[in-house]
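Residues per chain are reported as follows:
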Amino acid sequence: MTTLLRPPTEDAFTSRLRSAAVAARIGVWLGVCFGVAFVTGVISHWSQIPSPPVPFPSGPAWGYRVTQGLHVISGTIAIPLLLVKLWSVYPKLFAALPKPSRQGLVDALERGSIGVLVASAIFQLASGLANAAQWYPWDFSFRRTHYAMAWVAIGALLVHIAVKLPIIRDVLGAPVDDVSHDRHNATKYGPLSRRALLRTTWTAGAMAALATAGATIPALRKVSVFGVRDGTGPQGVPVNRSAHAAGITHTALRDDYAMTVVGPAGQVALTRTELLHLRQRTRDLPIACVEGWSANGTWTGVRVRDLLDLVDAPLGHDVRVISLETRGHYGRSILPANFADHDDTLLALELNGEPLTLDHGYPARLIAPNRPGVLQTKWVERLEVLA
Ligand SMILES: Nc1nc2c(c(=O)[nH]1)N[C@H]1C(S)=C(S)[C@@H](COP(=O)(O)O)O[C@H]1N2
Ligand SMILES: [Mo]
């Protein structure tokens, strides 16, 4: 092998910034970000299980908006933190292979678990970022894969923390410039102190948070220069999938549109005018997309429970919501019983005082409290009470 191709050795890295003292301090906040993202991610996954064994709560109405906003914000903050942390421990990648001994085996296992941690963490952040940017350059199901990898990442993270705990304790208990855990030749001062490197990292994290938070916090909209969604759209609410993209422009505007409710007592079909003649209710409820943006709306329409009463549906049954859209993945959803019977769950006909625009789900769309946007089915044409 020529010298050009030979990888560097661990000793070739001499900056004293690449230290356990720096890595552990960033690691604490990285751990917080991954912890928040994991818990909120599990909540999001739960909310999307069609008929969950443990019912997903139908309140508070803003719950999913907060948890999913936190999910995307914490994941975004983790990106600069992870980059600096990887930089600070990068020399380890070139450490000599452990000797075949008992301790060597333990070292090898530890390094293997760090490999899994790094790979899964990068996968989670990269796939999550792409998802928040509505970019799906892959064939696998995002939700299933991101969820499965979350367990891999959190497991590897816990192992990593357990293994490193003695060092973490030591370096966090000592001043940041302490050198007792430094590699022996990592002594070179750079243009930056450790303290300044950490400050820069925290600033990068804060900027990452600001750059995305506007998608969910209206007051920050103007600062969120990198926000993929600016939080606006027709009727003051962003549009996720347009009527054109869903291919329902013609069917939604047909004169013979009717909403069919199917239940134990048979079925009832209602035109939009007939729906407008039923008792109307108005509710303030957010649309909170899994991709991280959210917006409040004032919705007016018929309570789903009132529609279920028309076909004598008893309380406590899940309802299948079917859209005019036949080609996407989100043309159907299951409305769990606790949502179907909820006083705030509407088949909305109006948004913010005007008839729904085609893009927001005209002639009628579902809106329920504490439900991920992806399940707030638009262009609804049929409700089926399930056994
Ligand atoms: N039929 C149908 N309904 C749908 C979708 C869809 O693709 N098809 N997208 C969902 C998603 S992902 C979101 S976030 C909300 C957004 O609603 P809005 O476009 O009115 O803001 O609609 C939901 N309802
Ligand atoms: Mo969404």
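If you're wondering where the values come from, they're calculated on a predicted model, not measured in any experiment. (Residues numbered from 1 in each chain as written. Chains lettered and ligands numbered in written order. Predicted model: local features only at pLDDT ≥ 70, side-chain atom pairs only at ≥ 80, totals over all residues. Heavy atoms only, no water.)

Glancing now at the site of ligand 1. Around ligand 1 sit 20 residues, and of these P238, R241, E325, H360 and K378 come closest. Interatomic distance of 2.5 Å between a backbone N/O atom of P238 and an oxygen atom of ligand 1. In the environment of ligand 1, a nitrogen atom lies 3.0 Å from a nitrogen or oxygen atom belonging to the backbone of Q376. In the complex, the protein chains occlude 99% of the 530 Å² of accessible area that ligand 1 would expose alone. (Near = heavy atom within 4 Å. Polar contact = N/O pair within 3.5 Å; in protein donor to acceptor, adjacent residues only side chain to side chain. Areas by Shrake-Rupley, 256 points an atom, 1.4 Å probe, with all protein chains shown as cover.)

With that out of the way, let us pick up helix 3 (residues 102–132). A rise of 1.5 Å per residue sets the reference length of helix 3, with its 31 residues, at 45 Å; its end C-alpha atoms lie 45 Å apart and thus fit the reference within 8%. Regarding helix 3, the residues found buried are G104, S113, L117, S120, A121, Q124, L125, S127, A130, N131 and A132. Those residues of helix 3 hidden inside the fold are in contact with helix 1 (20–47), helix 2 (63–89) and helix 4 (142–173). With its phi angle positive at about 55°, Q134 sits one or two positions after the end of helix 3. (Helix = DSSP H or I, 4+ residues; strand = E, 2+ residues; numbered from the N terminus. Expected span 1.5 Å × (residues − 1). Buried < 20%, exposed > 50% of the residue type's maximum accessible area, 1.4 Å probe, protein only. Contact = heavy atoms within 4.5 Å.)

Under the counting rule described, the total for this entry stands at 10 aromatic pairs. Pairing Y136 with W138 gives two aromatic rings, centres 5.9 Å apart and planes at 75°, and the pair type is edge-to-face. A relative accessible area of 38% means that Y136 is categorised as partly exposed. Residues W138 and F142 carry aromatic rings whose centres are separated by 5.8 Å and whose planes lie at 20° to one another, so their mutual orientation is stacked. Note on F142: relative accessible area 17%, which makes it buried. (Phe/Tyr/Trp six-rings, centres within 6.5 Å; stacked < 30°, edge-to-face > 60°.)

The next subject is the sheet that holds strand 5 (residues 319–323). Strand order in the open sheet formed by 5 strands is 2-1-10-5-6, with mixed pairing between adjacent strands. Since the sheet does not close on itself, it has two edges, and those belong to strand 2 (266–270) and strand 6 (332–335), each with one partner. Taking the axes of each pair of neighbouring strands and ignoring which way they run, one obtains an average angle of 15° across the sheet. (Pairing = 2+ DSSP bridges. Axes fitted to C-alpha atoms, helices over the stretch in contact; angles between N-to-C directions.)

For the rest of this paragraph, the subject is the layout of surface pockets. Approximately 1200 Å³ is the volume attributed to the second largest pocket. Looking at the second largest pocket, it is lined by 40 residues, and the ones nearest its centre are V89, K92, I114, H160 and K164. Among the elements of the structure, helix 1, helix 2, helix 3 and helix 4 are those that each provide at least two residues to the lining of the second largest pocket. When the residues that make up the lining of the second largest pocket are grouped by side-chain class, the tally is 23 nonpolar, 7 polar and 10 charged. (1 Å grid on protein atoms, 1.4 Å probe; cavity = no way out; pocket = protein on both sides within 12 Å on 5 of 7 lines; lining within 4 Å. Points joined across faces, edges and corners; volume = space filled by probe spheres on them. Nonpolar A, V, L, I, M, F, W, Y, C, P; charged D, E, K, R; others polar.)

Glancing now at the pairing of strand 1 (residues 259–263). Here is the key point about a regular strand: its side chains alternate between the two faces of the sheet. Among the 5 residues in strand 1, 5 count as buried, and that is most of the element. Where burial is concerned, the two faces of strand 1 agree: the one with M259, V261 and G263 and the one with T260 and V262 are both buried. In this sheet, strand 2 lies alongside strand 1 in antiparallel orientation, the contact comprising 5 bridges. Within strand 2, the residue paired with V261 across the bridge is V268. Linkage of strand 1 to strand 2, two consecutive antiparallel strands, is achieved through a turn of 2 residues. The sheet contact formed by strand 1 and strand 10 (residues 380–385) spans 3 bridges and is parallel. Note on strand 10: the bridge partner recorded for T260 is R382.

What follows concerns the side chain of R25. Within the fold, R25 resides in helix 1. One buried charged side chain, R25, makes no salt bridge at all; its nearest oppositely charged neighbour is D178, positioned 8.3 Å away. Within the local environment of R25, its side chain forms a polar contact with the backbone oxygen of V171, the two atoms lying 3.3 Å apart. (Lys, Arg positive; Asp, Glu negative; His and termini not counted. Salt bridge = Lys/Arg side-chain N within 4 Å of Asp/Glu carboxyl O.)

For the pair helix 2 and helix 5 (residues 194–213), the least separation of the axes is 8 Å and the interaxial angle reads 155°. In terms of their interaxial angle, helix 2 and helix 5 are classed as roughly antiparallel. Helix-helix and strand crossings are classified by hand; for helix 2 and helix 5 the assignment is right-handed. In this structure, helix 2 contributes I73, T76, I77, P80, L81, V84 and W87 to the contact, and helix 5 contributes L197, T201, W202, A204, G205, A208, A209, T212 and A213. When its residues are assigned to classes, the contact of helix 2 with helix 5 shows 12 nonpolar, 4 polar and no charged. (Parallel < 35°, antiparallel > 145°, perpendicular 65-115°, else oblique. Left-handed = near helix turned anticlockwise from the far one by under 90°.)

This part is about the environment of T357. Within the element layout of this structure, T357 appears in the loop between strand 8 (354–355) and strand 9 (365–367). Counting along the chain gives 195 residues from T357 to A162, while the straight-line C-alpha distance between them is 54 Å. Sequence-distant contacts of T357, that is, excluding residues within four places in its chain, are made with P234, Q235 and Y362.

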